[in-house]
Amino acid sequence: MFTPLTGRTVLVTGGTKGIGKGIAGVFARAGANVAVCGRDRETGEAAAQELGARYVIADVAKAADCERMVDEVVREFGGLDVLCANAGVFPDVKLADMSEADIDAIFATNVKGTMLAVKAALNPLEASGHGRVIVTSSITGPITGFPGWSHYGATKAAQLGFLRTAAIELAARNITINAVMPGNIETEGLGELGPEYRATMESMIPQRRLGKVEDIGNAALFFATEEAGYITGQTIVVDGGQVLPEGQMAMDAQ
Ligand code: NAP
């Protein structure tokens, strides 16, 4: 039995859609005060209403937005206990066609945005006495690859490089930082890719299903508990076993 997170304040960047919204929902149901950020106000306000959360408009790629976002949350709830640095983008383009602007844009949100959000939250997280940071990385980059996502994979691996040194620095402030590495997760955008794409993806996963956003939220919730306080600089893969098969033969032999 874990100590309840009732009354703790949680900020989820990119919490207005997809995995971030799932994480926010899990924390809200656990009794936490939840704030979500995203760039699109209409989507953000709708998500916040649905979640019973507070929406803060912010682009995590901008330092001033990250500082204002944290200030607004602290002003509203009186502090900040947990930051879920989840906002991310994943446009696909093969390396041969990739522009310098493509590379800059994905690093701005996924790497710089993660670092800026964590930096902006340091003081209130330290003041809480049990600060937690949970980064949403991916299996793509740190473990696997997929054509069209070389720049994306680089950003998701970079987040883990950041996390390992940040964990040492943040330990002195009683803040832990860990990462969740999702496999293929069912989000709003998946429907557009069609049933055939979905079936192919499911056939590569030993549990034969895509992940739910709550599967990621539950892993994030664990890292946020009092009982996970001695875990820092670590990662957890949440993928239904997707990274395990050596190849198609391993799946056929199932
Ligand atoms: P999504 O459905 O597209 O949601 C992305 C969220 O991030 C939205 O709320 C979006 O809101 C926000 N966002 C994007 N850029 C932002 C910025 N610069 N500043 C603030 N907010 C920003 O994506 P998702 O699939 O849930 O992905 C969320 C995270 O999970 C990402 O880090 C991604 O790399 C990771 N991930 C996803 C999967 C998967 O299967 N879906 C697998 C592995 C890892 P606005 O657009 O309004 O800003």
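1. Structural notes on the packing of aromatic side chains
- Going through the model one piece at a time under the given rule, you end up with four aromatic pairs.
- Judged by centre distance (5.8 Å) and plane angle (65°), the rings of F2 and F222 are edge-to-face. Taken as a pair, F2 in the segment before β1 (9-13) and F222 in helix α7 (residues 213-224) lie far apart in primary sequence, 220 residues in all.
- In this structure F222 comes out as partly exposed when scored by relative accessible area, which is 31%.
- Each ring, one from F146 and one from W149, has its centre 5.3 Å from the other, and the planes form 75°; the classification is edge-to-face.

2. A short note on the nonpolar core
- Within the largest apolar cluster, 33 residues are counted, with the highest numbers of intra-cluster contacts made by L11, M69, L83, V118, V133, L170 and I177.
- When residues of this core are traced back to their parent elements, those giving at least two are β2 (33-38), α3 (63-77), β4 (82-85), α4 (100-128), β5 (132-136), α5 (150-171) and β6 (176-182).
- Element by element, the count of residues in this core is highest for α4, at seven residues.
- Not counting residues up to four positions away in its chain, the partners in contact with V118 are L83, A85, V133, F162 and L170.
- Counting residues in each nonpolar core, the second largest holds 28 residues, with L51, I134, V180 and L221 among its members.

3. So, the pattern of salt bridges
- For the coordinates displayed, the defined rule picks out twelve salt bridges.
- As a salt-bridge pair, D65 and R68 come within 3.6 Å of each other at their nearest N and O atoms. Of this pair, D65 and R68 both sit in helix α3, three residues apart, which is roughly one turn of that helix.
- Residue classification places D65 among the buried positions, given a relative accessible area of 18%.
- A salt bridge links D215 to R209; the nearest nitrogen and oxygen atoms lie 3.0 Å apart.
- D215 sits in the partly exposed class, given a relative accessible area of 23%.
- With a relative accessible area of 31%, R209 lands in the partly exposed category.
- One continuous salt-bridge network, built from bridges that share partners, spans R54, D65, R68, E72 and E76.

4. Overview of unusual backbone geometry
- Within the chain, N174 stands out as a residue other than glycine whose phi angle is a positive 65°.
- Secondary-structure assignment places N174 in the loop between α5 and β6.
- Its relative accessible area of 52% is what places N174 among the exposed residues.
- With phi around 55°, R208 is a residue other than glycine that occupies positive phi space.

5. Details of α7
- Here α7 spans 17 Å end to end across twelve residues, near enough to the 16 Å set by a 1.5 Å rise per residue.
- Here α7 has its buried residues at V213, I216, G217, A219, A220, L221, F223 and A224.
- In the core, the buried residues of α7 are packed alongside α1 (18-29), β4, β5, β6 and β7 (235-238).

6. Some thoughts on the layout of surface pockets
- The space that makes up the largest pocket amounts to roughly 1,700 Å³.
- Forming the boundary of the largest pocket are 50 residues, of which I19, F90, Y152, I185 and T187 lie nearest the centre.
- Across the lining of the largest pocket, the residue classes tally to 20 nonpolar, 23 polar and seven charged.
- Reported here for the second largest pocket is a volume of approximately 160 Å³.
- For the second largest pocket, the full set of lining residues is G18, K21, G22, G25, A28, R29, E50, L51, E188, V213 and E214.
- Among the elements that line the lining of the second largest pocket, the one with the most residues is α1, at six residues.

7. Concerning the site of the ligand
- Looking at the ligand, there are 27 residues lining it, with T16, I19, R39, Y152 and K156 nearest.
- Within the backbone of I19, an N or O atom sits 2.7 Å from an oxygen atom of the ligand.
- Surface burial for the ligand is 91%, taken as the share of its 880 Å² of free accessible area covered by protein chains.
- Among the detected pockets, the ligand sits in the largest pocket.
- Contributions of two or more residues to the shell around the ligand are made by α1 and α5.
- Residue composition of the shell around the ligand, by class: nine nonpolar, 13 polar and five charged.

Thresholds applied
- Residues numbered from 1 in each chain as written.
- Predicted model: local features only at pLDDT ≥ 70, side-chain atom pairs only at ≥ 80, totals over all residues.
- Heavy atoms only, no water.
- Phe/Tyr/Trp six-rings, centres within 6.5 Å; stacked < 30°, edge-to-face > 60°.
- Helix = DSSP H or I, 4+ residues; strand = E, 2+ residues; numbered from the N terminus.
- Buried < 20%, exposed > 50% of the residue type's maximum accessible area, 1.4 Å probe, protein only.
- Core = buried A, V, L, I, M, F, W, Y, C linked by side-chain atoms within 4.5 Å.
- Contact = heavy atoms within 4.5 Å.
- Salt bridge = Lys/Arg side-chain N within 4 Å of Asp/Glu carboxyl O.
- Expected span 1.5 Å × (residues − 1).
- 1 Å grid on protein atoms, 1.4 Å probe; cavity = no way out; pocket = protein on both sides within 12 Å on 5 of 7 lines; lining within 4 Å.
- Points joined across faces, edges and corners; volume = space filled by probe spheres on them.
- Nonpolar A, V, L, I, M, F, W, Y, C, P; charged D, E, K, R; others polar.
- Near = heavy atom within 4 Å.
- Polar contact = N/O pair within 3.5 Å; in protein donor to acceptor, adjacent residues only side chain to side chain.
- Areas by Shrake-Rupley, 256 points an atom, 1.4 Å probe, with all protein chains shown as cover.
- Sits in = over half its atoms within 2 Å of the grid points.

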